[in-house]
Amino acid sequence: MAKATTQKGLAFQDLILTLQNYWAAQGCLILQPYDDQMGAGTFHPATTLRALGPRPWNAAFVQPSRRPSDGRYGENPNRLQHYYQYQVILKPAPENVQELYLGSIRAIGLDPDVHDIRFVEDDWESPTLGAAGLGWEVWCDGMEITQFTYFQQVGGIECDPVCAEITYGLERLAMYVQDVEFVYDLKFNDQFRYGEVFHQAEQEFSAYNFERADTEILFQHFKDAEKQCRELLSGKKLALPAYDQCIKASHAFNLLDARGVISVTERAAYIGRVRALAQACCEAWLETPMGEYKPRFG
Amino acid sequence: MPDLLLELFSEEIPARMQAGAARDLERLMVGALTDRGYLFDGAKAFAGPRRLTLAIAGLPAKQKDVREELKGPKTDAPQAAIDGFLKKTGLTRDQLRIEKTPKGDVYMAVIERAGRDTPHVLAEIIPEVMAKLPWPKSMRWKPGSPVRWVRPLHSILCTFDGELVPFSFAGISSGLHTRGHRFLSEGKIEAKRFDDYAQKLKAAHVVLEAEERSAIIFEGVKQAAFVHGLEMIPDEGLLAEVSGLAEWPVVYIGTIQDEFMDVPAEILQTSMRTHQKYFSLREPQTSKNMPGRMANRFALVANMIARDGGKEIVAGNERVLRARLSDAKFFWDEDRKTRLAARVEKLKGIVFHAKLGTQFERVERIEKLAGEIAHLIGADVEMAKRAAHLCKADLTSGVVGEFPELQGVMGRYYALHDEENADVADAIRDHYKPVGPSDAVPTEKVAIAVALADKLDALTGFFAAGEKPTGSGDPFALRRAALGVIRIILENKLPVRLVSLYFEAAPGRHPTMKGAILSNLQEMIFRSSLRIHKNEGAFPADLGSKIVSDGITLLLFFIERLKVILKDKGIRHDLIDAVFGVGYEDNLVRLVARVEALQAFLKSDDGANLLAGYKRAANILKVEEKKDAKTFISEVSEIHLTEPAEKALFAALAKAKAAITPLLQKEDFAAAMQQMAALRVPVDAFFDGVKVNADDRQVRENRLNLLASLRATLHQVADFGKIEG
């Protein structure tokens, strides 16, 4: 549908490149996606762990995000079980962080002089990470294009200094910029549509998430990850490998949830177990050299 | 006199918190200044998306001087006591004065504190006030500092009499500058006085006052709608919210695509309001009782005068709305593929409350109860049961999943689609009513039966589960449910008794609780509740019956709510107690009629004087009954009446009694009290001309019996002894 209108705006990959260049120019490390399946960019250790402790940290990266229960077999215009987030993490939050952000949306072609940009209250909380923050969703002409959060707590630990986390939902943003109503119509580059890249994956993974994923295996994955995480945090602690196991447990839980085999009461208990792992990893991280970094000079 | 100007400029403040923050800032500053002896002409606070502003007019340039005299120890007191006094006052011994008192010489300290310059005082109190400002939710943002604000604070502007008041908060030094609109202005603005400040802000596209922003939006939407031959659907809550989302509100009109216009208006409206904060528009009213049809236009409020006249903004918003409404329409289309009746079974999967089972079980209870109530109030029993059976089924629909506030409304649509009876469909919608003090109660009998059943089931269930509201929390909205029950009964004048309804609804009723046993239990609940309510007795310790003790707790809860309702209607609480005082009356309609008649009666001269006469009689009786250690209840003996005034009172009482009894039976309380009014003259004459405590024992007792007869007559309507004044 409506192929003619898709000629407008940046191609999907150009949108990413533009954001990469923009945030690189602001002094951010440009990191790569984390190589584990996770529900949101916030799970990337570059956010979760680096948000803690006194050491300054400025990073930006794309993170593929998996939300098994959002799968729609490729039939919904904008719901996906796999999508991309663009995440910027700035610690401490610079005083002009809102201006920096507005610069990024100018860079991708949304001119605040002809659009209506608003910061609308939306606080963020992740029960699985024991994390919470205050902030806004940013609206462009009534469309939510970004989540903007000042972290107050991660892994149950107070953040000091406080960092700013900026998360762009890339598909949604691209749909707005390109004036496209069906995500698969997005122009990925000059030759490819988003659908050509991902439609089959959405169909197959929806079937996997909802029908085929072996729940016994997944329950075992969850237990194994939990056990390994605990082991890595006893004796000589290995915070980073332990945190990998926490991510794996979280994803196994998300798949089990999508399979509908976790009851309402069990759900809270599972979330609590992942949170306990995340908290333990965060505490361990603070004891590591990078977590507890103290400036050597001055 | 000089003025104070204070502006606290931050990143975007949540709309819902702005008005409260302005009030708190004003309250705390006014409090801090009055505590320090200041008087001033006026204070006004303003709040908007990025700033809190406070202007105080006519604030003196200097604090008042304070002179304080403190009495110290005697001059011959131990040294330690004198040292302590010196330490406390900060004076030396030769600065103390000695004063002679009858008890000996004592030291006096005179402390004079010169008033400080106001800017110094302000510089001290403003940071304190800022630290105390109670945001519903606030955050840290300064590295290494526990200081909190709603979002990062950027600047503080503070002047007194046009001069900077220097202080700092959160590492930010106060200054003379602020900023205008985020996109429609550039650079810093200097302001030293309020008028100048407000003007410069307006030039920089910031409307300071929320009321003004709200008026601009209201007028803007109205005008824009008018241009399209439409009118705005009023929405106070939305208006307040969007007033907090724009410093420079600009109204634009967008179009809803035709394909969505056959979706029920409530869905469109709710989707537009909750997700997008748009105003819905409608066609002008054509007839008196039918509001105009929902229009295919909406009004949006932007914070921007766009360079292109708003073309992009409108197009963007229309696009977003299209996606939103596609979702809503999808749910609406899908929902109608399943009959409401087929959804009831799915309620087994929805837990209502861990202790009260699933929604399915709840519906079973409501269905039974609605049938009983329908029987009591003369509604069609089968229809009431049908409506109750279906009343929660829409909870499993997609639309209600997306917009929980449309529960009931959607049930009605689906019922009509399934060709259920129209009264049944209306009852499904109306059984949640009233949802608040300003909401109407259902008036159709089928709806009344289901509405009462729904609320009574929740009340009895939660009370039995030990989940009654506490002082701080009412998570299941049981106060609202009880108020709803009372209003439905009163406004529809339903001849039902509260305690009987309780037994219909209460869980755990034993099969033997019927007939006389049930009546006794009912009366016991009523009487125990009243005794506890009047602080005349404690909660019965061991009733051995949970249904009875829960009933007492619940009835007490109802009595409190009833008093709230009557108080709102301007009825005195002592009159309610007076009517409660005379016996078992849990028919609310009768109870309130009685209270209202009593209040009207007491406002008349006859009523006020009769009350005075009653009090005199009651006081005499109280004293004499105590003296004689007996209660006077015997018949008045006519032959022992000697004085004309007592004969007249006796005759008047006989006449009044004869007239009052049938009137009370007819529940005509106003007329009954009219009859009582006739007693006023003979009562006054009695006290003027007759000495109650006559020397003759028989005459005295007879007169006391006469007064007791007066007391008893009045008590038929209310316990006048409970009336104050």
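Please read these numbers as outputs of a predicted model, since none were measured by experiment.

A. Here's a closer look at the packing of helix α16 (residues 478–491) of chain B against helix α19 (residues 546–568) of chain B. Residue and element names in this part refer to chain B. Packing of α16 against α19 leaves a shortest axis separation of 9 Å and a crossing angle of 65 degrees. Judged by the inter-axis angle, α16 sits roughly perpendicular to α19. Between α16 and α19 lies a crossing whose hand is right-handed. From α16, Arg479, Ala482, Leu483, Ile486 and Arg487 reach across to α19, where they touch Phe557, Phe558, Arg561, Leu562 and Ile565. When its residues are assigned to classes, the contact of α16 with α19 shows 7 nonpolar, no polar and 3 charged.

B. Seen up close, the sheet that holds strand β18 (residues 294–302) of chain B. All names here are of chain B. Taken in spatial order, the 4 strands make up an open sheet running β15-β17-β18-β16, and their pairing is antiparallel. Looking at the sheet topology across the chains shown, the edges are occupied by β15 (231–232) and β16 (250–255). By the bridge criterion, 3 bridges tie strand β17 (residues 279–282) to β18 in an arrangement that is antiparallel. When the bridges of β18 are listed, Arg282 appears paired with Met294.

C. Representation of the interface of chain A and chain B within the structure. Every contact between the two is made by 27 residues of chain A and, on the other side, 27 residues of chain B. Those elements that provide at least two residues to the side of chain A that touches chain B are β4 (117–121), β6 (131–140) and β7 (143–154) of chain A. Looking at which element gives the most residues to the side of chain A that touches chain B, the answer is β4 of chain A, with 4 residues. Grouping the constituent residues of the side of chain A that touches chain B by class yields 14 nonpolar, 5 polar and 8 charged.

D. Region of the structure containing the environment of Leu184 of chain B. All names here are of chain B. Assignment of secondary structure puts Leu184 in the loop between β13 (177–179) and β14 (188–190). Spatially, the C-alpha atom of Leu184 lies 7.8 Å from that of Ile305, the residues being 121 residues apart in sequence. Discounting chain neighbours no more than four positions away, the residues touching Leu184 are His205, Trp248 and Ile305.

E. The arrangement of the pairing of strand β2 (residues 42–47) of chain B in detail. Residue and element names in this part refer to chain B. Strand direction decides the pairing type here: β2 and strand β3 (residues 51–57), joined by 6 bridges, are antiparallel. From the neighbouring strand, Gly42 faces β3, where its bridge partner is Ala57. Turn length for the β2-β3 hairpin, with the two strands adjacent in sequence and antiparallel, is 3 residues.

F. Quick peek at helix α4 (residues 194–203) of chain B. Residue and element names in this part refer to chain B. Those residues of α4 lying buried are Phe194, Tyr197 and Leu201. All buried residues of α4 project into a common sector of 60 degrees when viewed along the axis, lining one side. Pointing more than 90 degrees away from the buried face of α4 are the exposed residues Asp195 and Ala203. Summarising the contacts, the buried residues of α4 are in contact with β1 (4–10) and β3. At the exit of α4 stands His205, carrying a positive phi of roughly 65 degrees.

Calculation criteria
- Residues numbered from 1 in each chain as written.
- Chains lettered and ligands numbered in written order.
- Predicted model: local features only at pLDDT ≥ 70, side-chain atom pairs only at ≥ 80, totals over all residues.
- Axes fitted to C-alpha atoms, helices over the stretch in contact; angles between N-to-C directions.
- Helix = DSSP H or I, 4+ residues; strand = E, 2+ residues; numbered from the N terminus.
- Parallel < 35°, antiparallel > 145°, perpendicular 65-115°, else oblique.
- Left-handed = near helix turned anticlockwise from the far one by under 90°.
- Contact = placed C-beta atoms within 7 Å.
- Nonpolar A, V, L, I, M, F, W, Y, C, P; charged D, E, K, R; others polar.
- Pairing = 2+ DSSP bridges.
- Buried ≥ 20, exposed ≤ 12 C-beta atoms within 10 Å, placed from the backbone.
- Arc of directions from axis to C-beta.

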